[in-house]
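What the coordinates show
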Amino acid sequence: MELNLQLPSINVTSLKEAPIHTSRQIQPHGVLLVLSEPELEILQISNNTWTVFGIEPEQMLQKKLEDLLDSFQLERIKAGLAEDNLEFINPTKLWFRKKGDEYVVFDAVFHRNSEGNLILELEPTFSQENIPFLSFYHLAKASINQLEKTSTLRDFCQIIVQEVRKVTGFDRVMLYKFDHDGHGSVIAEEKLEILEPYLGLHYPESDIPKPARKLFASNSIRIIPDAQAAPVQLIPAINPVSQRSSDLTNSILRSPAACHLEYLHNMGVGASLTISLIKDNKLWGLIACHHQTPKFVSYELRKACEFLGRVIFAEISAREETEDYDYRMNLTHIQSLLVEYMSQEENFIDGLVKHQPNLLDLTSAQGAAVCFGDRCTLIGETPAEEDLNFLVQWLKNNVDEEVFYTNSLPQVYPDAERFKNVASGLLAIPISKRNYVLWFRPEVIQTVNWGGDPNRAFEVSQTDGDVRLCPRKSFELWKETVRLTSLPWQYVEIKAALELRKAIVNIVLRQADELAQLAQDLERSNAELKKFAYVASHDLQEPLNQVANYVQLLEMRYNEELDEDAKEFINFAVQGVSLMQTLIDDVLAYSKVDTQAIAFQLTEVETALERALGNLRQRIAETSTIITHDPLPTVMAGSTQLMQLFQNLIANAIKFRSDEPPQIHVGAERLEDEWLFWVRDNGIGIDPRFSDRIFVIFQRLHTRDEYAGTGMGLAICKKIAECHRGRIWVESQLGEGATFYFTIPVGGRERERRNGRKAQNNLFG
Ligand code: BLA
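Just so it is clear, the structure is predicted and the values come from calculations on it, not from any experiment.

1. Overview of the overall build of the protein chain
Summing up its helical and strand segments, the protein chain has 20 helices and 30 strands in all. The C-alpha radius of gyration of the protein chain comes to 46 Å, more than 25% above the 27 Å expected for a compact globule of 765 residues. When the backbone C-alpha atoms are referred to their principal axes, the protein chain occupies close to 165 × 55 × 50 Å. The proportion of buried residues among the 765 residues of the protein chain is 46%. If you take every contact in the protein chain between residues at least 6 apart in sequence, the share linking residues at least 24 apart comes to 66%.

2. Digging into the domain arrangement of the protein chain
Domain boundaries in the protein chain define domain 1 (25-124), domain 2 (129-227 + 269-343), domain 3 (345-444 + 483-489), domain 4 (448-481), domain 5 (496-577) and domain 6 (592-755). Relative to domain 6, the C-alpha centre of domain 3 lies at a distance of 47 Å.

3. Remarks on the state of the cysteines
Enumeration over the complete set of coordinates arrives at one disulfide. Across the disulfide, Cys371 is cross-linked to Cys376 (sulfur-sulfur distance 2.4 Å). On the sign convention where negative means left-handed, the S-S torsion of about 105 degrees between Cys371 and Cys376 marks this disulfide as right-handed. Taken individually, Cys371 and Cys376 each receive the classification buried, so the pair is uniform in this respect. The structure places no disulfide on Cys305, whose sulfur is separated from the nearest cysteine sulfur, that of Cys289, by 6.5 Å.

4. Here we look at the environment of Asn389
Checked against the element boundaries, Asn389 lands in helix H12 (residues 385-398). Along the sequence, Asn389 and Cys371 sit 18 residues apart, while their C-alpha atoms lie 8.4 Å from each other.

5. Remarks on the nonpolar core
By size, the foremost hydrophobic cluster in this structure holds 50 residues, and its most contacted members are Leu642, Phe646, Ile650, Phe677, Phe740 and Phe742. Take this core: its biggest share by element is nine residues, from helix H19 (residues 639-655). Sequence-distant contacts of Phe740, defined by excluding residues within four places in its chain, comprise Leu649, Phe677, Trp678, Val679, Ile686, Ile694, Phe695, Leu714, Trp729 and Val730. If you look at the next biggest cluster of nonpolar residues, it comprises 32 residues, including Met342, Ile349, Leu352 and Trp489.

6. With respect to the packing of aromatic side chains
Following the criterion strictly, the structure yields 17 aromatic pairs and no others. Judged by centre distance (5.9 Å) and plane angle (70 degrees), the rings of Phe53 and Phe106 are edge-to-face. Residue Phe53 is found in helix H2 (residues 49-53), and its partner Phe106 is found in strand E5 (residues 103-112); the two are separated by 53 residues along the sequence. Taken as a pair, Phe53 and Phe106 share a single burial class, namely buried. Look at Tyr176 and Phe178: their rings are 5.5 Å apart centre to centre, the planes differ by 85 degrees, and that puts the pair in the edge-to-face class. Of the two residues examined, Tyr176 and Phe178, each falls in the buried class. Following the ring pairs from residue to residue traces out a cluster consisting of Tyr176, Phe178, Tyr198 and Tyr203. Sitting over the ring of Tyr198, Arg172 keeps its end group 3.6 Å from the ring centre. One residue, Lys719, lies across the ring of Tyr590, its end atom 4.4 Å from the ring centre.

7. As for the pattern of salt bridges
Tallied over the full model, the rule gives 25 salt bridges. Lys166 is the partner of Glu163 in a salt bridge, and the nearest nitrogen-oxygen pair spans 3.4 Å. With Glu163 and Lys166 both in helix H6 (residues 153-168) and three residues apart, the pair spans about one turn of that helix. Of the residues examined, Glu163 reaches a relative accessible area of 4% and is grouped as buried. Its relative accessible area of 63% is what places Lys166 among the exposed residues. Between Glu402 and Arg501 there is a salt bridge; the shortest N-O distance is 3.4 Å. A residue pair is termed long-range when its members are at least 10 positions apart, and Glu402 in the loop between H12 and strand E16 (404-406) and Arg501 in helix H15 (residues 491-557) qualify at 99 residues. Relative accessible area serves as the criterion here: at 48%, Glu402 is assigned to the partly exposed category. For Arg501, a relative accessible area of 18% translates into the label buried. Each of Lys16, Glu205 and Arg213 takes part in salt bridges that share partners, so that together they form one network.

8. Observations regarding the packing of helix H9 (residues 299-344) against H15
In the contact formed by H9 and H15, the axes pass within 10 Å of each other and the chain directions differ by 15 degrees. Considered as vectors, H9 and H15 are oriented roughly parallel to each other. Between H9 and H15 lies a crossing whose hand is right-handed. Contacts from Asp324, Tyr327, Arg328, Leu331, Gln335, Leu338, Val339, Met342 and Ser343 in H9 reach Val492, Glu493, Ala496, Glu499, Leu500, Ala503, Ile504, Ile507 and Arg510 in H15. Here the contact of H9 with H15 is composed, by residue class, of 11 nonpolar, two polar and five charged.

9. Some thoughts on the sheet that holds strand E14 (residues 367-372)
Spatially, five strands are ordered E15-E14-E18-E17-E16 in an open sheet, and the strand pairing comes out antiparallel. Only two strands of the sheet have a single partner each, and these edge strands are strand E15 (375-380) and E16. Each strand axis lies, on average, 10 degrees off the axis of its neighbour in the sheet, ignoring direction. Pairing of E14 with strand E18 (residues 436-441) involves five bridges; the strand directions are antiparallel.

10. Some words on the sheet that holds strand E4 (residues 92-97)
Strand order in this open sheet of seven strands is E1-E11-E3-E2-E6-E5-E4, and the pairing throughout is antiparallel. Strands with a single pairing partner mark the edges of an open sheet, and in this sheet they are strand E1 (25-26) and E4. Where strand E3 (residues 41-46) lies against strand E11 (residues 232-235), two bridges are found, and the strand directions are antiparallel. Paired with Ser46 across the two strands is Leu234, which belongs to E11. In this fold helix H4 (residues 71-82) packs onto E4, E5 and strand E6 (118-124), with an angle of close to 145 degrees to the strand it touches most, E4. Against the sheet, H9 touches E4, E5 and E6, its axis set at about 40 degrees to E5.

11. A few points about the site of the ligand
Around the ligand, the surrounding shell holds 26 residues, and the nearest of these are Asp207, Arg254, Ala257, Cys259 and His290. Arg254 places a polar side-chain atom, nitrogen or oxygen, 2.9 Å from an oxygen atom of the ligand. Between His260 and the ligand, the recorded distance is 3.4 Å, taken from a side-chain N or O atom to a nitrogen atom. Here the ligand is seated within the second largest pocket.

Conventions we followed
Residues numbered from 1 in each chain as written. Predicted model: local features only at pLDDT ≥ 70, side-chain atom pairs only at ≥ 80, totals over all residues. Heavy atoms only, no water. Helix = DSSP H or I, 4+ residues; strand = E, 2+ residues; numbered from the N terminus. Rg over C-alpha atoms; globule rule 2.2 N^0.38 Å. Buried < 20%, exposed > 50% of the residue type's maximum accessible area, 1.4 Å probe, protein only. Contact = heavy atoms within 4.5 Å. Domains from an automatic or database assignment. Disulfide = S-S within 2.5 Å. Core = buried A, V, L, I, M, F, W, Y, C linked by side-chain atoms within 4.5 Å. Phe/Tyr/Trp six-rings, centres within 6.5 Å; stacked < 30°, edge-to-face > 60°. Lys NZ or Arg CZ within 6 Å of the ring centre and 35° of its normal. Salt bridge = Lys/Arg side-chain N within 4 Å of Asp/Glu carboxyl O. Axes fitted to C-alpha atoms, helices over the stretch in contact; angles between N-to-C directions. Parallel < 35°, antiparallel > 145°, perpendicular 65-115°, else oblique. Left-handed = near helix turned anticlockwise from the far one by under 90°. Nonpolar A, V, L, I, M, F, W, Y, C, P; charged D, E, K, R; others polar. Pairing = 2+ DSSP bridges. Near = heavy atom within 4 Å. Polar contact = N/O pair within 3.5 Å; in protein donor to acceptor, adjacent residues only side chain to side chain. 1 Å grid on protein atoms, 1.4 Å probe; cavity = no way out; pocket = protein on both sides within 12 Å on 5 of 7 lines; lining within 4 Å. Sits in = over half its atoms within 2 Å of the grid points.

Pasting the structure below:
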């Protein structure tokens, strides 16, 4: 024998999952016949008829059942076969004539297979072991009475194995439960004192491969009376009608796979009885009985055990559900409180973390995080925020489901090993593509006891091209220390998280709705402002002109009669009118700036600046202002607005000049995804205390006597910058000049055109 696990040509999975229901061998203690209907002609028969009947199998082929049975028995069988449910005739006692007047008695069991053939199986009958139904009933009743006194799942399981062992007399009876991953463990055991205990031991999934588990779904009871007995072939091996191996899924006598027989030898088992326990259409576990020596159990007794298992198991399932139910109700209550808190708080995240109970209680987690936008809100024991950002990124790239959970995060996300103490377990729900709610559980180091080393559950053996799997020889206790895992997330906890997800999505949607409503309101009030400005500029303009004209007329016509005071009053009136005119113009200009009205286009900033300087030409000349600028880029902007922005800032710089001739520099620098511009002057400067106020509409720091103006200029600048999704601010000290900064985000096409020229150009000298 040669061990080689590495051979690429060997597909271990296919060896593990080789079909078993089409075996062409049966166990030798009974006889199997494949019959056609309705003739009941023998198509196949097991090769042990000589020892049983004294007739060669070949002689029996193509004979009919009526050739073997008397007419009385035959009629009874035919009547039974006419019924839909064959269980009513199972088992039937049949007397076969052997030789002369000798008869043999069998328990006969019928079933039809997937190919529509009738399978008749004959097992030796031991009439003394027949249990009448009534005692069967008492048996179940006694067990159920005991059940009522116990409360835990463990106790229930213990009663099952006790009762089954009591009625069958097996050396060892175990209750074996499957985990989610196909591995399983012995959760209850009754046995002979001298045998090694298997209680609490785990067994790997490969011990009971998929086809074996699948089989149990339809054939819930399997007996191997003698694990050493040599199997018997079917004659012929292939069904002569279908030209295939007959389907023996529901057969009692089918020979177990060689691999499993070897497994039993290695374990020291001489006979076994296995009963499946099904819950919600899934194989939940098995009742496994072992005997050290061969042991046969009659059909009725097997059925009794099956019945017992089912009745008691139904009770277990119900109790299990009640336990689940209480916890589930508790979580539902917490969940409804969280929903209430969320809708009370302005920000739903506060609703999840600021009250009692909170996010942690919903899943019995030790830590949780709500990652929304760029921020993570943490509660309890969690990884650091930086680690969380990477984890969220990973989830984003690797998880598409509505919920992701693991009790061993480091296994799928190795970086988690660094923070295993807080997050070996992760339960995550995405709220949208970038937003997550996460729960964490710490590492819990556990010892798992295995029945033999699970890493060497089997070997691949090759002899003369025959490749097969051999079960391990030793089932000795093998202790595994399991690290990097947390307590598992329970189904109800995962469901509660999913329910919360729905609630959050609803709330977030509602808040988005409210925001949309707000935006709509804002738009309406903007529109109203615009209308007002239009009305103001046209309707107010007219009476204003009237006032101006008549005051001037007054001055002209009555010039002689007016004294100096009267002339001064008229002058004030004219000045007031002209100030009002400027105010109206500025309000109109302010109201005209809005994002929708801006025609965004590739704009050369230098051109916009030159247009602004053109408009200010006279003032620049009068004040001998010197203006320089950096090389200026091209940006996506409204060119008129940009011009206006520069014009206002430069006009301001000239207006608030000191005693020196103004020197103004326009600068530009490329930041990551925006352009930064600045206008620097050597004027009187601004007290930093006022640096925010100056951008507010109608705010003035100086009296009109000191400096003319409406106080609208910077408010318009701010609005222009914001309509470009940029910002504006000032840095200054009183008496030391001022620098106004503003930013314009980089448009898509602009991104390629990095430019870092820093030379200075003189525009006006
Ligand atoms: C079947 N393996 C089984 C069965 C059990 C176990 C209970 C069903 C037995 C039956 O149908 O009568 C395993 N028995 C156990 C375990 C305990 C126990 C875990 O008592 C613990 C106390 N098995 C292997 C390997 C293979 C394998 C390496 O270990 C190879 C593929 C196969 N086991 C295997 C097969 C069956 C089986 C093929 C089905 C047997 C059959 O019905 O033909």
